[in-house]
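Chain by chain, the residues:
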Amino acid sequence: MNWKKFTASAVMLAMLAALPAPEQVSQADVPLILETGGPPLAALTFDDGPRSSTTGPLLEGLELREVPATFFLVGSRIPGNEDLVRRMAAEGHQIGIHTFDHVKLNGLSHRDFDLQITRTRDLIVEILGPGDYWLRPPYGLIDRAEEEWSGGPLILWSVDPEDWKDSDIDRIVSAIVENTQDGDIILLHDLFPGSAQAALQAVDALLAKGFCFVTVEQLMQARGVAPEDGVRYRRFPPEEN
């Protein structure tokens, strides 16, 4: 088993709380908390990568802290960054789809929708092999009709520090730390150097508060939620959509 992505204290709490022993998830192969009473959980997510200028330092910081994250990749940015994608998977991070061209999905024809998703999925599968690569719609926008085309769960978010607005690291860190609660999905972007710095500072602060970081898939399993195609998820336990 790969225990690498939990802090030592979180691992101990997870072991005490896991009754009975949970099933393993496919991508990270990490034991999860299925009963209440464990540490608060949060899922750190990054959109818009991979990028050679930001993804590498971000992965280094996450590895140092033994923290897994979920990366939603833009297909057009994968060529030339295949090694970063392999590293994400090797280090226990979950990988998802953020379309090929970072376009708004609402209003697209079925054909254009499929092209945006299928082209990206094919690139990921070519690098990592078959798997469940879930979708995060750019800007969180997707029509009801397109939900039926998604072929998997739609991962949104419950904490948005708006790291794209400015490079004020202190503001971004405060927005994350002050608003993150148990079960939240945190939205950040693998696009700006300041976002990576803010993310790592926020991780340090939340770890100090007793949080345990997991991937979205792990968070879903930990809360006993079975993923459903076309359903939007913002946090766990899920809120009404």
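What counts and how
Residues numbered from 1 in each chain as written. Predicted model: local features only at pLDDT ≥ 70, side-chain atom pairs only at ≥ 80, totals over all residues. Heavy atoms only, no water. Helix = DSSP H or I, 4+ residues; strand = E, 2+ residues; numbered from the N terminus. Buried < 20%, exposed > 50% of the residue type's maximum accessible area, 1.4 Å probe, protein only. Contact = heavy atoms within 4.5 Å. Areas by Shrake-Rupley, 256 points an atom, 1.4 Å probe, with all protein chains shown as cover. Salt bridge = Lys/Arg side-chain N within 4 Å of Asp/Glu carboxyl O. Expected span 1.5 Å × (residues − 1). Core = buried A, V, L, I, M, F, W, Y, C linked by side-chain atoms within 4.5 Å. Axes fitted to C-alpha atoms, helices over the stretch in contact; angles between N-to-C directions. Parallel < 35°, antiparallel > 145°, perpendicular 65-115°, else oblique. Left-handed = near helix turned anticlockwise from the far one by under 90°. Nonpolar A, V, L, I, M, F, W, Y, C, P; charged D, E, K, R; others polar. pLDDT = per-residue confidence, 0-100.

(A) Region of the structure containing the overall build of the protein chain. Along its length, the protein chain carries 8 helices and 7 strands. Across the 241 residues in the protein chain, those meeting the buried criterion constitute 53%. For the protein chain, the proportion of contacts with a sequence separation of at least 24, taken over those separated by at least 6, is 75%. For the protein chain, the exposed area adds up to about 10,600 Å²; of that, 50% sits on carbon and sulfur atoms.

(B) Representation of the pattern of salt bridges in the model. If you walk through the whole model with that rule in mind, you get 12 salt bridges. Residues Glu147 and Arg144 are paired through a salt bridge, measuring 3.3 Å at the closest nitrogen-oxygen approach. Of this pair, Glu147 and Arg144 both sit in helix H5 (residues 144-147), 3 residues apart, which is roughly one turn of the helix. On the basis of relative accessibility, which here comes to 10%, the residue Glu147 falls in the buried class. For Arg144, a relative accessible area of 55% translates into the label exposed. Because the salt bridges share partners, they merge into one network encompassing Glu63, Arg87 and Glu91.

(C) Region of the structure containing helix H7 (residues 193-208). For H7, with 16 residues, the first-to-last C-alpha span of 23 Å sits near the 22 Å given by 1.5 Å per residue. Check the buried side of H7 and you find it contacts strand S1 (41-49), helix H2 (55-65), helix H6 (169-179), strand S5 (184-189) and strand S6 (212-214). Immediately beyond the C-terminal end of H7, within one or two residues, lies Gly210, with a positive phi of roughly 100°.

(D) Structural view of the nonpolar core. Membership of the largest hydrophobic core comes to 42 residues, with the highest contact counts inside it found for Leu44, Phe46, Leu62, Phe71 and Ile186. Among the elements that make up this core, the one with the highest residue count is H7 (7 residues). If we ignore the near neighbours within four places in the chain, the residues touching Phe46 are Leu58, Leu62, Ala69, Thr70, Phe71, Phe72, Leu188, His189, Asp190 and Ala199.

(E) Geometry of the packing of H2 against helix H3 (residues 82-90). At a closest axis distance of 11 Å, the pairing of H2 and H3 adopts a crossing angle of 15°. As summarised for this structure, H2 and H3 are arranged roughly parallel, according to the angle between their axes. Read as a crossing pair, H2 and H3 show a hand that is left-handed. Counting all contacts with H2, which are made through Thr55, Gly56, Leu59, Glu60 and Glu63, the residues of H3 involved are Leu84, Arg87 and Met88. Looking at side-chain class alone, the contact of H2 with H3 contains 3 nonpolar, 2 polar and 3 charged residues.

(F) Region of interest: unusual backbone geometry. With omega at 0°, the peptide bond leading from Gly49 into Pro50 counts as cis. Within the secondary structure, Pro50 is located in the loop between S1 and H2. Residue Pro237 is bonded to the preceding Phe236 through a cis peptide linkage, with omega at 10°. Position of Pro237 among the secondary structure elements: in the segment after strand S7 (232-233).

(G) Local environment of the confidence of the model for the protein chain. Summarising the model, the protein chain shows a mean pLDDT of 87, and 83% of its residues fall at 70 or more. Every residue in residues 1-35 scores below 50 in pLDDT, and together they form 66 contacts with partners more than four places removed in sequence or on other chains.

(H) Quick peek at the environment of Trp164. Here Trp164 lies in the loop between strand S4 (154-155) and H6. Distance in space between the C-alpha atoms of Trp164 and Phe192 is 7.8 Å, their sequence separation being 28 residues.

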